[in-house]
Amino acid sequence: MVEIQAIANNGQLLSNDVVADTIHKGLTGRFQDQKVLVLIPDHTRSIPLPALFEMLVEALSDTGKLDFMVALGTHPPLTEAQMNHLVGITSAERTGKYQHIGLFNHQWDTPAALQQIGTLSQEEVQDIIGDSWHPSLGGDIPIKLNARVMDYDHILVLGPTFPHEVVGFSGGAKYFFPGISGPEMINVTHWLGALGGVQHTIGVKETPIRKMLHAAVKFISVPTTLISLVVEGQGLAGMFIGDLFSAWEAAADLSSQVHIKWCDTPYRRVLSKAPQMYDELWTAAKAMYKLEAVVADGGELIVWAPHLDTVSFVHGKYIFEAGYHVAEYFLKQWEAYHHIPLGVLAHCTHLKGAGSYHDGVENPRIKVTLASGISEADCQKLNLGYLDPNSINETEWIDREADRLLYVPKAGEMLYRLRG
């Protein structure tokens, strides 16, 4: 049940006073003397976190213990300075005013930091996902979470909901899986998304992967409350506080209205500029996922990210080994690639996009080109096109839709879809 909500009207955003009042009404006095853990996103998600952090600390001032954990999934851990910046505090404030509040990274790749809380059997997984199941997904899936969770009386999940390439819409249970889970669920859910195809998943509310996440969270014994946000620009279009399922559903419904841009005709070329918050191709690839559907067959999508010079801080070795290819390329040569983590293979297929592989020939539907600090030689190794980022003059792309050219100056969160 959604316990309290605030939705902006007439294209306006929620004021800070309305947001603070909603948080106060939804949370103040509910967790007196309890130990509370708040799960928050990292810097790759748009959210006015510094203001929300301050509001939450004030509303939860009567808790016995209040900590925050960055639900990293497989993203790189943040330094102390980065975590301070994330929530909008100084190092002096962290050791002074906020010294009683813990601020932690999730550690997905540290076995000692994880605790198994259950298992999804292969039969259960097959029943949940139906025809999307594939032998490459493996057998039973151990359900592992950051062990710190069990030390708390209540968990608050604070995060935005956007169209998402793996789950359909982000947010909600995704803050547990993959947010603070072990690698098994991370790999299986991402590969399942790749098998289903991004364009059959992204912006779809009910997906097999979402069903898997909701099945997995039932193993969590600690009570949970969700604060689900719909972000628009620098502010909030909506806030929903309630249980993990209904608050997410309400946010996904609003996100489908706010975050999907419908186009009448496909474009032959798209220039998709990845913002600074994506500091590796692992996350900047969203600039492709969210626009693939509006690129014409045989067209080109350019990911323009002059600031970016890293493929992945964590997974780069495997990505260079695999390269970017359509899903069939890996599936039809499985023995050569089955040792690579499924989550990495999923990323590699997501960025390459739809296509086929027959008789040793790969046929991607569109051409994907990088215009970034990643060298031309590395782009060739990765099986991606290359364009000198300094050669791009964005003024030549503005208002060129009639020529079937599209420029998106901040890509990665708005989903572009074709009508019909």
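Refer to the structure above for everything that follows.
Conventions and cut-offs
- Residues numbered from 1 in each chain as written.
- Predicted model: local features only at pLDDT ≥ 70, side-chain atom pairs only at ≥ 80, totals over all residues.
- Heavy atoms only, no water.
- Pairing = 2+ DSSP bridges.
- Helix = DSSP H or I, 4+ residues; strand = E, 2+ residues; numbered from the N terminus.
- Axes fitted to C-alpha atoms, helices over the stretch in contact; angles between N-to-C directions.
- Contact = heavy atoms within 4.5 Å.
- Phe/Tyr/Trp six-rings, centres within 6.5 Å; stacked < 30°, edge-to-face > 60°.
- Lys NZ or Arg CZ within 6 Å of the ring centre and 35° of its normal.
- Expected span 1.5 Å × (residues − 1).
- Buried < 20%, exposed > 50% of the residue type's maximum accessible area, 1.4 Å probe, protein only.
- Left-handed = near helix turned anticlockwise from the far one by under 90°.
- Nonpolar A, V, L, I, M, F, W, Y, C, P; charged D, E, K, R; others polar.

Enquirer: Residue-level account of the sheet that holds strand S11 (residues 235-242), with values.
Expert: Each strand in a sheet pairs with another by means of backbone hydrogen bonds, the pair being arranged parallel or else antiparallel. Here we have 7 strands laid out as an open sheet, ordered S1-S11-S10-S7-S2-S3-S4, and mixed in their pairing. Sheet topology places strand S1 (2-7) and strand S4 (102-105) at the edges, where each strand pairs with a single neighbour. Neighbour to neighbour, the strand axes of the sheet diverge by 15° on average, direction disregarded. Of the pairings in the sheet, the one linking strand S10 (residues 224-232) to S11 comprises 7 bridges and is antiparallel in character. Paired with Ile227 across the bridge in S11 is Ile241. Those strands touched by helix H3 (residues 80-87) are strand S2 (35-40), strand S3 (65-70) and S4, and its axis lies near 115° from that of S4.

Enquirer: Quick one: what's the story with the packing of aromatic side chains, residue by residue and with numbers?
Expert: In the structure shown here, the tally under the stated rule is 8 aromatic pairs. Following the ring pairs from residue to residue traces out a cluster consisting of Tyr329, Phe330, Tyr337 and Tyr357. The ring of Phe104 has Arg148 lying over it, and the distance from NZ or CZ to the ring centre is 3.7 Å. Sitting over the ring of Tyr318, Lys317 keeps its end group 4.8 Å from the ring centre.

Enquirer: Can you break down helix H6 (residues 183-196) residue by residue, with the values?
Expert: The first and last C-alpha atoms of H6 sit 20 Å apart over 14 residues, in line with the 20 Å expected at 1.5 Å per residue. Where H6 is concerned, the buried positions are Met185, Ile186, Asn187, Val188, Thr189, His190, Trp191, Leu192, Gly193 and Ala194. The secondary structure elements touched by the buried residues of H6 are helix H5 (122-129), strand S6 (141-146), helix H7 (208-217), helix H12 (327-331), helix H13 (334-337) and helix H14 (342-352). Backbone geometry just downstream of H6 places Gly197 in the positive-phi region, at approximately 90°.

Enquirer: Run through the environment of Thr74, naming residues and quoting values.
Expert: Position of Thr74 among the secondary structure elements: in the loop between S3 and H3. A sequence separation of 108 residues divides Thr74 from Gly182, and the C-alpha atoms of the two residues are 9.2 Å apart. Beyond its immediate chain neighbours, meaning those up to four positions away, Thr74 contacts Trp108, Ile186, Trp282, Val314 and His315.

Enquirer: Go over the packing of helix H1 (residues 16-27) against helix H2 (residues 49-59) with me, naming the residues and quoting the values.
Expert: The N-to-C vectors of H1 and H2 enclose an angle of 35°; their axes lie 10 Å apart at closest approach. Helix-helix and strand crossings are classified by hand; for H1 and H2 the assignment is right-handed. Mapping the contact onto sequence places Asn16, Val19, Ala20, Ile23 and Leu27 in H1 and Leu52, Met55, Leu56 and Ala59 in H2. Taken together, the residues of the contact of H1 with H2 break down into 8 nonpolar, 1 polar and no charged.

Enquirer: Quick rundown of the sheet that holds strand S18 (residues 385-386)? Include the residues and the values.
Expert: As summarised here, the arrangement of the 5 strands in space is S18-S17-S14-S13-S19, forming an open sheet in which the pairing is parallel. Only two strands of the sheet have a single partner each, and these edge strands are S18 and strand S19 (405-408). Both strand S14 (residues 295-305) and strand S17 (residues 367-372) contribute to a ladder of 6 bridges, which runs parallel. Bridge pairing links Ala305 to Ser372 in S17.

Nothing here speaks to function; it is all geometry.
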